[in-house]
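Analysis of the macromolecular model
Each chain, written out:
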Amino acid sequence: MACCRIYLFTYKRNHLLPRAVKSLIDQTFTDWVCEVHNDCPEDGFPAEFIASLNDERFIIKNHPVNLGAVVSFNLAFAGCSESYASILEDDNWWAPDFLKDMIAVMDVNPTIKVSWSNMKLWQEEPGNTWTDTGKTTWPSNESRFFEWPHIRQAINALHSTGAMLYRGQYASNYLAPSGTLLNAIELVRERSFEHPVYLQGKPLANFAITLTTNRDNDRYTWIGTQVMLLASFIAASQDSDKTMRESLTYYRMQRPVPTANFFLANYLILKDRGLYKYFTLTDWLSIGKWLLGNGHKLNYLKQYLASQRDTYAFLLKQTQLRYREGEQHKQN
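Rules used in this analysis
Sequence order as written defines residue numbering, which begins from 1 separately in each chain. This being a predicted model, a pLDDT of at least 70 is required before a residue's local features are given, and a value of 80 or more before pairs of side-chain atoms are given or counted; all residues contribute to the totals for chains, interfaces and linings. Only hydrogens and water are set aside when side-chain values are computed; all heavy atoms of the structure are taken into account. A run of DSSP states H or I qualifies as a helix once it reaches four residues; a run of E qualifies as a strand once it reaches two. Both are numbered from the N-terminal end. Every radius of gyration here is taken over C-alpha atoms, with the globule rule written as 2.2 Å times N^0.38, N being the number of residues. For each residue, the accessible area found with a 1.4 Å probe, counting protein chains only, is set against the maximum for its type, and the residue is called buried under 20%, exposed over 50%, and partly exposed in between. We call two residues in contact whenever any of their non-hydrogen atoms come within 4.5 Å of each other. Shrake-Rupley sampling with a 1.4 Å probe provides the accessible areas, and residues are treated as covered by the protein chains on show and by no other component. Charge assignment in this entry is limited to Lys and Arg as positive and Asp and Glu as negative, and neither His nor the chain termini are counted. Working definition for charges: the position is that of NZ of Lys, CZ of Arg, CG of Asp or CD of Glu. We define the nonpolar core as a collection of buried residues of types Ala, Val, Leu, Ile, Met, Phe, Trp, Tyr and Cys that are connected through side-chain atoms lying within 4.5 Å of one another. Residues qualify for a patch when their relative accessible area is over 30% and they have no salt bridge, like charges being joined within 9 Å and the nonpolar side chains of Val, Leu, Ile, Met, Phe, Trp and Tyr within 5 Å. Salt bridge, as applied in this entry: a Lys or Arg side-chain nitrogen positioned within 4 Å of an Asp or Glu carboxyl oxygen. The way it works is a 1 Å grid over only the protein atoms, where trapped points that fit a 1.4 Å probe form a cavity and open points with protein on both sides within 12 Å along at least five of seven lines form a pocket, and then any residue with an atom within 4 Å of a point lines it. Grid points are joined across faces, edges and corners, and a volume is the space filled by probe spheres set on the points. In this count, Pro and Cys sit with the nonpolar residues alongside Ala, Val, Leu, Ile, Met, Phe, Trp and Tyr, while Asp, Glu, Lys and Arg are called charged and the others, Gly among them, polar. Only the contacting stretch of a helix is used when fitting its axis, a line to C-alpha atoms as for every element, and angles between N-to-C directions run 0 to 180 degrees. Roughly parallel means an angle under 35 degrees; roughly antiparallel means over 145; roughly perpendicular covers 65 to 115; every other angle is labelled oblique. Crossing handedness follows the turn of the near helix against the far one: under a right angle anticlockwise gives a left-handed crossing, and clockwise gives a right-handed one. It is the directions from the helix axis to the C-beta atoms whose arc is reported.

Looking only at helices and strands, the protein has 11 helices and 10 strands in total. The globule rule puts the C-alpha radius of gyration for 332 residues at 20 Å, and the 21 Å found for the protein is close to it. Principal-axis analysis of the C-alpha atoms places the extent of the protein at approximately 65 × 50 × 35 Å. In the protein, which comprises 332 residues, the proportion classed as buried is 52%. Relative to all contacts within the protein whose residues are 6 or more apart in sequence, the contacts with residues 24 or more apart total 82%. In the structure as shown, the protein presents an accessible area of about 15,300 Å², 52% of it carried by carbon and sulfur atoms. If the 34 positive side-chain charges of the protein are averaged to one point and the 34 negative ones to another, these points end up 9 Å apart.

What follows is the structure, given as C-alpha cells:
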C-alpha cells in the first residue's frame, strides 16, 4: 500500500492537466497513488492521457455524470487507507519537494492532522502563457502552527486546498455540505479541521489565477456565506460580546472593510441587540452607505440563507467543536 493518496480533479482543462500530472510525476517522494477524477463524462482526453503514461500509480475515475466541484472535492474526504492524502487541482502544480517536505513535517508532528504550504501565485495570459506575479498566498516564508481560534478565521480561511496534506484516517471528518458555495468551500471546510494546524511557509505549490473560472460571480451569495461564517464564529464562542468586539477591531484594519457583514450577521442571524453597541459612528456610516446601495437585496440574502440551512448548521456545530478543543488545549 502506498503512503499517500493523491486526488487529482479535472474538468475541461486538457491544456493544463499535463502540467499538474508532470508535477506529480516529478515528486522526489514517489510512494504515492493518484486517483484522477474527470468530471466531464463526454471528455475522453483525461483517460487517454493517463493511459498513455503507462504508470500504474494512476487510477482514472470517469464520473458518469457531472458532479460539480464541491461534490467532487468531497470524494477526497471519504477516507482512505493510506497514511496521508492530498488534493491536486488540474490548474495548479507542485514543486518537486512538496510531498517529501510536507510528509516529513507530519511525520515528526503526530498531533497535526492538517497542514498546508505557502503557494506562489501565477497569472494566466492569453495563449496559455503564465506570469509569475512575485506574490504568495502568505507574504512571509515563516512556518507556524495555528491554534483555534485565529481571528482571520471569522470570515476567511488559513489553508489552501491545492497545497494541503491531511491524514487519511481522519478525512471523513472534513466532509462539507454538498450545497456549500464553491467560492467558500475552503472557508467552510476549515471549520471541521482539528487544531492546531500547520503552515509550511516555504512555497511548495503553485496557484493558478486563470482567465476563466467555474466559481459563482454572484457577490450576494458570497456575502451571505461570509455572514454565516461570521455569525457562527460569534455564536459558538463562550463570550459573544468579546468575540464581536475583537473581530470588529481586526477587520476594521482590512481593505475593503467588511463592516456591513457584521451588521448583516447580527440582523439576519444572531439577532442580538446588545451587539450593536460595538459599532462606531464610522461603522454606522459605512453600514448606511452599504444599505443605500444594496438594501434592495436584503430579501435575496434572506432567501439565500434559508437555502443554506445545512451549511450554517455544519458551521455552527463544527465551530462549537473547535472552541471546545481550544479550551481543552489551554487547560492542558
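Formed by 37 residues in total, the largest nonpolar core has its most connected members in Met244, Leu264 and Trp290. Taken together, the elements giving at least two residues each to this core come down to α5 (185-190), α6 (219-235), α7 (240-251), α8 (259-270), α9 (281-294), α10 (298-307) and α11 (309-331). Broken down by element, the residue count for this core peaks at nine residues, all from α6. Residues contacting tryptophan 290, with those up to four places away along its chain left out, are Arg219, Tyr220, Ile223, Ala260, Leu264, Gly295, Leu298 and Leu301.

With that settled, the discussion passes to a nonpolar patch on the surface. A cluster of nonpolar residues, Val65, Leu67, Val71 and Leu75, forms a patch on the protein surface that exposes about 270 Å² of accessible area. Here valine 71 lies in helix α3 (residues 69-74). Owing to a relative accessible area of 30%, valine 71 belongs among the partly exposed residues under this scheme.

The next thing to look at is the layout of surface pockets. Empty space within the largest pocket amounts to approximately 1,200 Å³. Taken together, 46 residues make up the lining of the largest pocket; nearest its centre are Glu89, Leu182, Glu186, Phe207 and Arg215. Every element with two or more residues in the lining of the largest pocket is listed here: β1 (4-10), α3, β6 (114-125), α5 and β10 (197-209). The greatest single-element share of the lining of the largest pocket, amounting to five residues, is contributed by α3. Split into classes, the residues belonging to the lining of the largest pocket amount to 20 nonpolar, 18 polar and eight charged. Approximately 630 Å³ is the volume found for the second largest pocket. Forming the boundary of the second largest pocket are 26 residues, of which Ile155, Gln254, Arg255, Pro256 and Pro258 lie nearest the centre. In terms of residue class, the lining of the second largest pocket is built from 12 nonpolar, eight polar and six charged.

Further remarks concern the packing of helix α1 (residues 17-25) against helix α2 (residues 45-53). Following both chains from N to C, one finds α1 and α2 inclined at 30°, their axes separated by 11 Å at the closest point. Relative to α2, the element α1 is oriented roughly parallel. Relative to α2, the crossing made by α1 is right-handed. Mapping the contact onto sequence places Leu17, Pro18, Val21 and Ile25 in α1 and Phe45, Pro46, Phe49, Ile50 and Leu53 in α2. Residue classes in the contact of α1 with α2 are distributed as nine nonpolar, no polar and no charged.

Another point: α10. Along α10, the residues that are buried comprise Leu298, Leu301, Tyr304 and Leu305. One side of α10 carries all its buried residues, which in axial view fall inside an arc of 120°. Seen from the open side of α10, the exposed residues pointing more than 90 degrees away from its buried face are Gln303 and Ser307.

Coordinates in, geometry out; function isn't part of it.
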